[in-house]
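# Per-entry structural report
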Amino acid sequence: MINALRGTKDILPDEISLWQRIEAIGRDIFNIYGYKEIRTPIIEEASLFIRSIGDATDIVQKEMYVFSDRGNRIIALRPEATASIARAYIENSLFQAGGIAKLFYIGPMFRSERPQQGRQRQFYQIGVEAIGSDNPFIDAEVIALSARFLERLGVKKFHVKLNSLGCQKDKIRVMEKHKESFRPYLEKLCETCKNRFDKNVLRIFDCKEDSCKSIAQNVEAESALCSDCAGHFEKVKVGLNAIGIEYTVDNKIVRGLDYYTRTVFEITQESLGAKDAICAGGRYNNLVKELGGKDTPAIGFAFGMERLTLALDKAREVKIVRCKVNTFVAVTGDALYNEAFKLLDSLRMAGISSEIDYDTKSLKAQMRKAEKLGAKFVVILGEEEFKNKKVVIRDMENSSQKEVVLEDIIKEYSLILSTP
Ligand code: ATP
Ligand code: MG
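None of these values were measured; they are calculated from a predicted model.

Another point: the pairing of strand β12 (residues 327–331). Of all five residues making up β12, five are buried, and the element is well covered by its neighbours. In terms of strand pairing, β12 meets strand β13 (residues 354–356) through three bridges, oriented parallel. Bridge assignment links T327 to a residue of β13, and that residue is S354. With respect to chirality, the unit in which β12 leads through helix α12 (residues 337–349) into the neighbouring parallel β13 is right-handed. Note that β12 and strand β14 (residues 377–381) share five bridges and pair parallel. What sits directly across from V331, in β14, is L381.

What follows is the structure, encoded as structure tokens:
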């Protein structure tokens, strides 16, 4: 017996309606905001992620699935989509269309972390990227979009936490300040964080170890933005205030990936417990240039879809509905089976979801099956009626029956379906 790999999951037919609902609402709202879908490959050159996310980050150091292919190329299963989309933007000259490239994506990401509730090795993200503007109102738009998406899904009790890391120079200055704050606790930090202290002190704020978490909670975290970046941040807030998006400013939201600059944000949801982050995002003004493109500011976010489904399950906002069939074709006796099969096909051709019993059991057993499938109607092919080219349509809701001419059945259906 071969099982699914640890940290991967089958999404079964009974669960899929929830996933499809999230995707449909996402596609709809992203379109309303002017974002178009992009699908990039799941495999990329590993160096793409090492260069953009940063080689001192957990994602690159500990979590990335890397292998060499048959041509000895070093390949990674994508751990996130932003770097791939920045690459695609440059490679396909998406800047040529002018204006802002507004893109969204839905798809699987891969990180080799310890699997637990809300944390998998293959998980799904749904997110957007707006590439080509540093206007603070774009930041406000992207953050608002993430909140409006949650509202539309019916996710309650979520919190937007906002911060600005400033430009590259500010970031270096802020990191120096954070180093001074953490220095007295250096010995008490976990081994990884001791390493982070030198390499990327910001990541200490993202550590999941309890002791590091409590140290991070207690240290000072001042903001130290240059006047340009401070001005930009103020305008982001003005934009959010103008449209009533609630947020709290939290200097400890740092998003330790190398590519982030200026605005960063996170959304948490109360019912999710320890892994309460459902969305993370921010600006990456230097990434496109670093990957060989023109100097192009950009911002985006990503939601974890598993955590969205958990938030929705917990809120009991979405009932998981089994997909129902409209019509069940029941048949008495093997002789008519071929006719029943033909009828089934014409119903389906007419767009009516229909089923038949391939085990050809008794009529009673077929009726039970129809009920189990939630069929609204059962079309019964009986030997007697069929001699006159007639069938019986039974309305399962009120148990009424009527005999109709086989040839007219599709016409009958449009009558039935059009009467409320
Ligand atoms: P976390 O702090 O939970 O490790 P992260 O900072 O690694 O999250 P990002 O890389 O910013 O997360 O990804 C954005 C979102 O993707 C997260 O907020 C989370 O909802 C989801 N996510 C990240 N890693 C996983 C995972 N291994 N399994 C399921 N969802 C994940
Ligand atoms: Mg993580």
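With that out of the way, let us pick up the side chain of R307. Among the structural elements, R307 can be located in helix α11 (residues 305–315). The side chain of R307 is buried and forms no salt bridge, while E113, the nearest opposite charge, is found at 6.0 Å. A polar contact is formed between the side chain of R307 and the backbone oxygen of A277, at a distance of 3.0 Å. Those residues within four positions of R307 in sequence are excluded, and the remaining contacts are G118, R119, L272, K275, A277 and I278.

It is worth spelling out the site of ligand 1 at this point. Surveying the vicinity of ligand 1 reveals 16 residues, the closest of which are R111, E113, Q120, R255 and A277. One of the side-chain N or O atoms of R255 is found 2.3 Å from an oxygen atom in ligand 1. Against a free-state accessible area of 580 Å², the protein chains account for coverage of 90% of ligand 1. Elements represented by at least two residues in the shell around ligand 1 include exactly β6 (122–131), β10 (277–283) and β11 (298–304). Ranked by residue count, the leading element in the shell around ligand 1 is β10, at four residues. Looking at the shell around ligand 1 residue by residue, the classes come out as six nonpolar, four polar and six charged.

For N72, which is not glycine, the phi torsion reads 60 degrees and is therefore positive. Locating N72 in the fold gives a position in the loop between β3 (66–68) and β4 (74–77). Relative accessible area serves as the criterion here: at 62%, N72 is assigned to the exposed category. In this structure, K389 takes a positive phi of about 55 degrees despite not being glycine.

Residues I131 and F182 are the most contacted members of the largest nonpolar core, which totals 50 residues. Here this core takes six residues from helix α4 (residues 82–91), the largest share from any one element. Among residues more than four places away in sequence, those in contact with I131 are I85, Y89, G99, I100, A101, L103, Y284, V288, T296, P297 and A298. V142, L145, F149 and I299 belong to the second largest nonpolar core, which has 45 residues in total.

What counts and how
- Residues numbered from 1 in each chain as written.
- Chains lettered and ligands numbered in written order.
- Predicted model: local features only at pLDDT ≥ 70, side-chain atom pairs only at ≥ 80, totals over all residues.
- Heavy atoms only, no water.
- Buried < 20%, exposed > 50% of the residue type's maximum accessible area, 1.4 Å probe, protein only.
- Helix = DSSP H or I, 4+ residues; strand = E, 2+ residues; numbered from the N terminus.
- Pairing = 2+ DSSP bridges.
- Right-handed = clockwise from strand over helix to strand, strands pointing away.
- Lys, Arg positive; Asp, Glu negative; His and termini not counted.
- Salt bridge = Lys/Arg side-chain N within 4 Å of Asp/Glu carboxyl O.
- Polar contact = N/O pair within 3.5 Å; in protein donor to acceptor, adjacent residues only side chain to side chain.
- Contact = heavy atoms within 4.5 Å.
- Near = heavy atom within 4 Å.
- Areas by Shrake-Rupley, 256 points an atom, 1.4 Å probe, with all protein chains shown as cover.
- Nonpolar A, V, L, I, M, F, W, Y, C, P; charged D, E, K, R; others polar.
- Core = buried A, V, L, I, M, F, W, Y, C linked by side-chain atoms within 4.5 Å.

None of the figures reported here should be taken as evidence of function without further support.
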